[in-house]
Amino acid sequence: MWEECPPGRAALARCGAVAARGGTWLPEMAPAVSRSLPARSHNRIRELAEPKKAACANDPRLVWGNQETIWTLSWRVVTAQPSPRTVALAKPKQDFGKNQCRSLFLYGCGRESTIWERPLLVDFGFPSDRLLKLSEPKKYQAAYLQQRPRQSSEWPVSPAALSYKASPRILELARPKALHPEFLLAREVPTKVTNAAAVARASSPLQRLAEPRVRKVTCCYECSFSESVIRPVSKLAQEAIASPRTLELARAKRLHPDYVPLRDAEWPVTKAAKCTVATPRLVELAQPCRRPPMVSAQFNPDAFTVKETAKKATCSARIQELARPIKR
């Protein structure tokens with residue numbers, strides 16, 4: 001895209017804008033600009049017209065996963081000699097998992113641990129001296145062996161017990177308990193069928209008895225018109241005449257003469273009750289009882305004391321009767 005810059009002070013600004021937009025400032029435009037600008041500004045315009053270089057054009061390209069450093073190492077760092085401590089810390093740890101190919105993601109941060117397969121017995125070597133020492137059983141202390149009544153776990157039997165002859169009662173008690181004469185052993189789970197039973201043929205009465213019993217379904221009835229009864233009523237029952245006793249029993253039970261039905265939830269207030277005026281005595285009795293608050297009760301030393309008149313009071317026979325516990 002070629003654009004011409006007009007002469008004057010605005011020419012410099014427009015030429016800079018042309019270069020900024022990616023346009024090219026041509027030398028043919030210099031005569032138009034040179035008539036209004038000094039010669040020292042021509043070099044500055046050419047410098048501003050040059051495109052910018054890329055920020056990372058000369059920087060080395062970084063590749064993820066290689067062993068190259070991000071920053072270039074100086075000559076002193078490359079030729080430096082590490083100390084013995086640095087050499088000791090730089091040694092890799094001993095790999096106890098031989099012949100195990102583990103993926104790199106196992107050592108990543110934030111990943112859950114995996115269950116590794118157990119190595120073969122061939123990979124295990126002879127145990128170390130430390131393992132052999134720890135696997136030895138615990139020895140008895142000398143003080144315990146001196147106080148021990150016997151050297152073996154088996155109880156020693158005296159010669160008198162070895163040559164002892166048991167009495168008839170001991171022999172009777174040593175005899176195991178016998179089974180009941182009518183005891184039968186548990187038979188095997190699969191019952192063996194005899195050949196006669198396998199070849200036998202059932203008679204006609206047996207086949208008739210083996211058939212399932214057919215019961216009449218009485219919980220369901222055939223559909224009919226809506227005015228009909230649920231259960232079928234016989235014709236004799238429909239034409240039967242009830243006796244006086246049946247009529248007396250069929251009569252509904254009457255209520256008691258003194259029976260009072262339940263009153264309504266809403267009580268009607270009479271007109272006289274609405275227009276009545278309470279007497280001063282009723283107003284006095286309607287006032288709630290005023291008691292001191294519990295906060296001030298703890299500061300009153302006589303709050304829980306019993307009056308002298310209450311201590312000398314004598315209860316009546318009725319109160320004594322009511323105070324007596326009920327015997328159950």
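Residues numbered from 1 in each chain as written. Predicted model: local features only at pLDDT ≥ 70, side-chain atom pairs only at ≥ 80, totals over all residues. Heavy atoms only, no water.

Enquirer: I would appreciate a short explanation of the overall build of the protein chain in the present structure.
Expert: Within the protein chain, the secondary structure is distributed over 18 helices and 0 strands. When the 328 residues of the protein chain are sorted by exposure, 5% land in the buried category. Taking as baseline every contact in the protein chain between residues at least 6 positions apart, the subset at least 24 positions apart corresponds to 32%. Split by element, the accessible area of the protein chain, about 35100 Å² in all, is 59% carbon and sulfur. (Helix = DSSP H or I, 4+ residues; strand = E, 2+ residues; numbered from the N terminus. Buried < 20%, exposed > 50% of the residue type's maximum accessible area, 1.4 Å probe, protein only. Contact = heavy atoms within 4.5 Å. Areas by Shrake-Rupley, 256 points an atom, 1.4 Å probe, with all protein chains shown as cover.)

Enquirer: I tried to follow a nonpolar patch on the surface on my own but got confused; where do I start?
Expert: A grouping of L73, V77 and V78 is seen on the molecular surface, where their side chains present a nonpolar patch of about 280 Å² in accessible area. Tracing the backbone through its elements, the reader meets L73 in the loop between α3 (40-49) and α4 (75-79). (Patch = residues over 30% accessible without salt bridge, like charges linked within 9 Å, V, L, I, M, F, W, Y side chains within 5 Å. Salt bridge = Lys/Arg side-chain N within 4 Å of Asp/Glu carboxyl O.)

Enquirer: So what exactly am I meant to see when it comes to the pattern of salt bridges here?
Expert: Any two side chains of opposite charge can pair, given that their charged atoms come close. One pass over the structure, following the stated rule, counts 6 salt bridges. Residue E248 is joined to R245 by a salt bridge in which the shortest nitrogen-to-oxygen separation is 3.5 Å. Here E248 and its partner R245 are both found in helix α13 (residues 244-250), 3 residues apart, which amounts to about one turn of the helix.

Enquirer: Got a minute to help me understand the confidence of the model for the protein chain in this structure?
Expert: Detailed reading of the predicted coordinates is not advisable wherever pLDDT falls low. For the protein chain, mean pLDDT is 77; residues scoring 70 or higher make up 68% of the total. When mean pLDDT is compared element by element in the protein chain, α13 scores highest at 93, while helix α2 (residues 30-34) scores lowest at 47. Below pLDDT 50 for its whole length, residues 1-9 participates in 20 contacts with residues either more than four positions away or in separate chains. With pLDDT under 50 throughout, residues 30-34 is counted as low confidence; its partners more than four residues away or in other chains account for 6 contacts. (pLDDT = per-residue confidence, 0-100.)

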